[in-house]
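# Overview (structure and organization)
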Amino acid sequence: MSGVLFANSAAAAPVTEHWTGESPYFSRTSAPGGTVGVVSMNGPDDGRALQLRLGARPGTGPGNGVEISSNEATYRYGTYGTRIRTADCTGQGRLGVVTGTFTYSTDHSDGNGNGLPDNDEIDIEVLCAQPHVVWLTIWTDYDGSVAPGQPIPVRKISRAIDMRTGKVLHNCYMVRLGGDCQPELPGENSPASVTPVPGFDSSTQFRTFMFDWQPDSVTFWGYDDSGRRNVLWDYRGPASRIPDKPSAFMQNVWHTDEWDPLDGPAREQPQAAVSAYVDSTTLPR
């Protein structure tokens, strides 16, 4: 399958893809390690979902995974989201598999004038080995041109939340990939905890994740089991730490052998296919 994928869209603000027919909004942009297509299944209200299937023994990195992207790369401020069941690695050990939902700008010029290539990106990610933990990251810079083995300069802030307990495990601004956390600034670590969702497992349950991107804030939320909005992160730190470039909206599944979750290494390559299932995708108009 190439070009246009399958979805059923409502021309509204925001636009929501329910993944049941052809879509004018999304295309497959990468799938060397797997396949993309609509399948019938239990869970979605309409009985259909987009399957992002990562095949057995894929290469490392997003470019060897399976990915879709909005046809337009000019989205900016507004509300984004997904209702998704992330990849399930049950029975395969500590796999390094990431399910991601994110905005991404392809303009890597130094627009903010800090001497680093811009990397404007807002991420929601789940590691297959830790499906109860949600990682949220806001990027503005990344310089991958340094010599191998040298620290990679970045500008990013990440938050990790154990959704079963509501505990914030990690809230950290970095200037070197894998480096120490920088001093926390006002507005960067709120709320201090979130509403617990007992039994949360994003690999076996469809869950909704949303964020609203504005010039001075990025607010992420989901829903608890009673359907109430559950704010995961209300980021209101310096505006210089918030992306501002036009971006595409993307979803992917890929293998990593270098990003360990907080409970120990998870780098193994999947020996059997794993899949994420997208019930709906929300874009700003």
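No experiment lies behind these values; they were computed from the predicted model shown.

### Some points on the nonpolar core
Counting 47 residues, the largest nonpolar core has Val-97, Phe-211 and Phe-220 as the members making the most contacts within it. When residues of this core are assigned to their parent elements, the largest contribution, four residues, is made by strand β18 (residues 274-283). Residues Val-98, Leu-127, Trp-135 and Ala-160 belong to the second largest nonpolar core, which totals six residues.

### A word on the pairing of strand β8 (residues 78-85)
By the bridge criterion, seven bridges tie β8 to strand β14 (residues 207-214) in an arrangement that is antiparallel. Across the sheet, residue Thr-82 finds its bridge partner in β14, namely Phe-209. Here β8 pairs with β18 via five bridges, running antiparallel. Bridge pairing in β18 links Ile-84 to Val-278.

### Comments concerning the pairing of strand β10 (residues 118-127)
Across the ten residues of β10, ten count as buried, placing the element largely inside the fold. On β10, burial covers both faces: Asp-118, Asp-120, Ile-122, Ile-124 and Val-126 on one face and Asn-119, Glu-121, Asp-123, Glu-125 and Leu-127 on the other are all buried. In this structure, strand β9 (residues 97-104) lies alongside β10, joined through seven bridges in antiparallel fashion. The residue bridging Tyr-104 from the neighbouring strand is Glu-121, located in β10. Direction of pairing for β10 relative to strand β11 (residues 133-142): antiparallel, over a ladder of six bridges. Its bridge partner being in β11, Asp-118 is matched across the sheet by Asp-141. Remark: five residues form the turn of the hairpin made by β10 and β11, two consecutive strands paired antiparallel.

What counts, and at which threshold
- Residues numbered from 1 in each chain as written.
- Predicted model: local features only at pLDDT ≥ 70, side-chain atom pairs only at ≥ 80, totals over all residues.
- Heavy atoms only, no water.
- Core = buried A, V, L, I, M, F, W, Y, C linked by side-chain atoms within 4.5 Å.
- Buried < 20%, exposed > 50% of the residue type's maximum accessible area, 1.4 Å probe, protein only.
- Helix = DSSP H or I, 4+ residues; strand = E, 2+ residues; numbered from the N terminus.
- Pairing = 2+ DSSP bridges.

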